[in-house]
Amino acid sequence: MRILVTGGAGFLGSHLCQALLTRGHHVICLDNFYTGSTHNIEPFRNDPNFELIEHDVTMPIDLPVDGIFNLACPASPIHYQRHPVQTLKTSVFGTINLLELAHRHGARILQASTSEVYGDPDISPQGESYWGNVNPVGIRSCYDEGKRAAETAIFDFHRQYGVDIRVARIFNTYGTRMAINDGRVVSNFIVQALKGEPLTIYGDGSQTRSFCYVDDLIRGLIALFETDDITGPINIGNPQPITMLELAEEIRVLTKSTSKITFLPLPSDDPKQRMPDTTLASEKLQWSPMVERTEGLSKTVEYFKNMLQTI
Ligand code: NAD
Ligand code: UDP
């Protein structure tokens, strides 16, 4: 198949491109390099089945494709909040442009949606039928509401034009190829611990997240894409919550770091808890995460050790 991966030079996108190439597909990676980098696609840049297009998804595009994975969108709060209007346009205009492309060519489209559609959830774990608790006018809204509007567009294109859709709600994922300046908690803590700098906990560290290793996530996305008679939305994530204080401790131990912990103000609307109900993924996709946090974190620590040595 000719598969378009938007956001293909980013953290998740580059792993997805590589996995699709391994499965024998022709992969077209489209990226505007807002947070992505050529370093991420270096390992397969010269594969004859790989193409790179520099383009912004907020602008329409036409090219023959059989499948689309729409991952284009900054995912780290510091990056999506830097240009909030562009973030909103990326999710809304970008997704509509790609839905029109899918419609024109009869292609299947998978949307990288997010657990952020649940906002600051007042139930736990979060199942797909939960409608969420989202502030429409806060600093996270450009991302949360953008992704929610994208889901609306996807289901309307499906109902109105019969576009073949898949919606994955991705929960916090970490691993190799995260940027050193990504700003999300796992990469921040690891880089800080390796440099001997204080680990920055926002708030009192009692908030929870459930972290999925990138290899598990990519396996889940491909399983969803390849499964017939399912649209989603479907949660893909690891249902093992941990507080940010516990995560900081785990990373200090893994890196044998003497870094101290420092407490900084909690950004507004920061969700207090997040944990996926993955029953649907396990029933419909026979998917469940396999990589334990210690194993995933160890691989990520090795990655950042190498990165820090080369800069
Ligand atoms: P990332 O920032 O590493 O990757 C995003 C990629 O999209 C980058 O390569 C960036 O340059 C590109 N991009 C941004 N705006 C674009 C535009 N307008 N046109 C073209 N390319 C653009 O983030 P990631 O963690 O790899 O996330 C990938 C996708 O998965 C995002 O859509 C994100 O919302 C979703 N997601 C990720 C997580 C996670 O924990 N990693 C969780 C939920 C959802
Ligand atoms: N966080 C933190 N220190 C950091 C970065 C993030 O304590 O250096 C916290 C953040 O406030 C949030 C959690 O870690 O409660 C996860 O943040 P991240 O940005 O990774 O993802 P998201 O908030 O989108 O789930």
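Please refer to the structure higher up on the page.
Caption draft 1: Molecular detail of the site of ligand 1. With respect to spatial proximity, 30 residues lie near ligand 1, and among them L12, D31, T35, Y143 and T173 are the closest. Taking F11, its main chain carries an N or O atom lying 3.0 Å from an oxygen atom of ligand 1. Separating an oxygen atom of ligand 1 from a side-chain N or O atom of D31 is a distance of 2.5 Å. Contact with the protein chains removes 97% of the 820 Å² of surface that ligand 1 exposes when unbound. Counting residues per element, the ones that place at least two in the shell around ligand 1 are α1 (11-22), α4 (84-105), β5 (108-114) and α5 (141-161). Broken down by element, the shell around ligand 1 gets its largest block of residues, 3 residues, from β5. A class-by-class count of the residues in the shell around ligand 1 yields 14 nonpolar, 12 polar and 4 charged.

Caption draft 2: Molecular detail of the sheet that holds strand β4 (residues 67-70). Strands sit in the order β3-β2-β1-β4-β5-β6-β11 across an open sheet of 7 strands; the sheet is parallel. Every other strand in the sheet has two partners, leaving β3 (50-54) and β11 (234-236) as the edge strands with one partner each. For this sheet, the mean inter-axis angle between neighbouring strands, taken without regard to orientation, is 20 degrees. Note that strand β2 (residues 26-31) and β3 share 5 bridges and pair parallel. Residue pairing across strands places C29 opposite L52, the latter belonging to β3. Along the sheet, α1 makes contact with β1 (2-6), β2, β3, β4 and β6 (165-170), crossing β1 at roughly 170 degrees. Contacts from helix α7 (residues 214-226) reach β1, β4, β5, β6 and β11 within the one sheet, and its direction differs from that of β6 by about 160 degrees.

Caption draft 3: Highlighting the packing of aromatic side chains. Counting across every chain of the model gives 9 aromatic pairs. With centroids separated by 5.3 Å and ring planes inclined at 75 degrees, the aromatic side chains of Y303 and F304 adopt a geometry described as edge-to-face. For Y303, a relative accessible area of 15% translates into the label buried. On the basis of relative accessibility, which here comes to 0%, the residue F304 falls in the buried class. Within the aromatic cluster, the residues linked to one another by ring pairs are Y118, Y130 and F171. Its end group placed over the ring of F225, R108 keeps NZ or CZ at 6.0 Å from the ring centre.

Caption draft 4: Main features of the pattern of salt bridges. With the rule as written, the count across this model stands at 20 salt bridges. Across the pair E249 and R252 runs a salt bridge whose closest N-O atoms are separated by 2.6 Å. Within this pair, E249 and its partner R252 are both found in helix α8 (residues 244-254), separated by 3 residues, close to a single helical turn. Taking the relative accessible area as the measure of exposure, E249 reaches 35% and is therefore partly exposed. A salt bridge links R293 to E250, with the nearest nitrogen and oxygen atoms 2.7 Å apart. Here R293, found in helix α10 (residues 293-310), pairs with E250, found in helix α8; they are 43 residues apart in sequence, far enough to count as distant. A relative accessible area of 25% means that E250 is categorised as partly exposed. Bridged by salt links that share partners, the residues E116, R140, R209, D270 and R274 form one connected network.

Caption draft 5: How the structure looks around the nonpolar core. Counting 57 residues, the largest nonpolar core has F69, L247 and L285 as its most contacted members. Per element, the largest residue contribution to this core is 8 residues, and it comes from α7. Setting aside its immediate chain neighbours within four residues, L285 contacts G220, A223, L224, T227, I230, I234, I236 and L280. Residues L4, L99, I109 and I165 belong to the second largest nonpolar core, which totals 22 residues.

Caption draft 6: Quick peek at the site of ligand 2. Around ligand 2, 17 residues are found, and the nearest of them are N188, T200, R209, D270 and R274. In the model, an oxygen atom of ligand 2 is placed 2.7 Å from a nitrogen or oxygen of the R209 side chain. Residue assignment for the shell around ligand 2 shows that the elements contributing at least two residues are α6 (185-195) and β8 (199-202). In terms of residue class, the shell around ligand 2 is built from 6 nonpolar, 5 polar and 6 charged.

Caption draft 7: Spotlight on the packing of α6 against α10. Running from amino to carboxyl end, α6 crosses α10 at an angle of 60 degrees, the nearest separation of the two axes being 10 Å. Overall, the two elements α6 and α10 adopt an arrangement that is oblique. Once α6 is placed against α10, the crossing between them reads as right-handed. Contacts between α6 and α10 involve V186, S187, I190, V191, L194 and K195 from the first element and L297, T300, V301, F304, K305 and L308 from the second. Here the contact of α6 with α10 is composed, by residue class, of 8 nonpolar, 2 polar and 2 charged.

About the criteria used
Residues numbered from 1 in each chain as written. Chains lettered and ligands numbered in written order. Predicted model: local features only at pLDDT ≥ 70, side-chain atom pairs only at ≥ 80, totals over all residues. Heavy atoms only, no water. Near = heavy atom within 4 Å. Polar contact = N/O pair within 3.5 Å; in protein donor to acceptor, adjacent residues only side chain to side chain. Areas by Shrake-Rupley, 256 points an atom, 1.4 Å probe, with all protein chains shown as cover. Helix = DSSP H or I, 4+ residues; strand = E, 2+ residues; numbered from the N terminus. Nonpolar A, V, L, I, M, F, W, Y, C, P; charged D, E, K, R; others polar. Pairing = 2+ DSSP bridges. Axes fitted to C-alpha atoms, helices over the stretch in contact; angles between N-to-C directions. Contact = heavy atoms within 4.5 Å. Phe/Tyr/Trp six-rings, centres within 6.5 Å; stacked < 30°, edge-to-face > 60°. Buried < 20%, exposed > 50% of the residue type's maximum accessible area, 1.4 Å probe, protein only. Lys NZ or Arg CZ within 6 Å of the ring centre and 35° of its normal. Salt bridge = Lys/Arg side-chain N within 4 Å of Asp/Glu carboxyl O. Core = buried A, V, L, I, M, F, W, Y, C linked by side-chain atoms within 4.5 Å. Parallel < 35°, antiparallel > 145°, perpendicular 65-115°, else oblique. Left-handed = near helix turned anticlockwise from the far one by under 90°.

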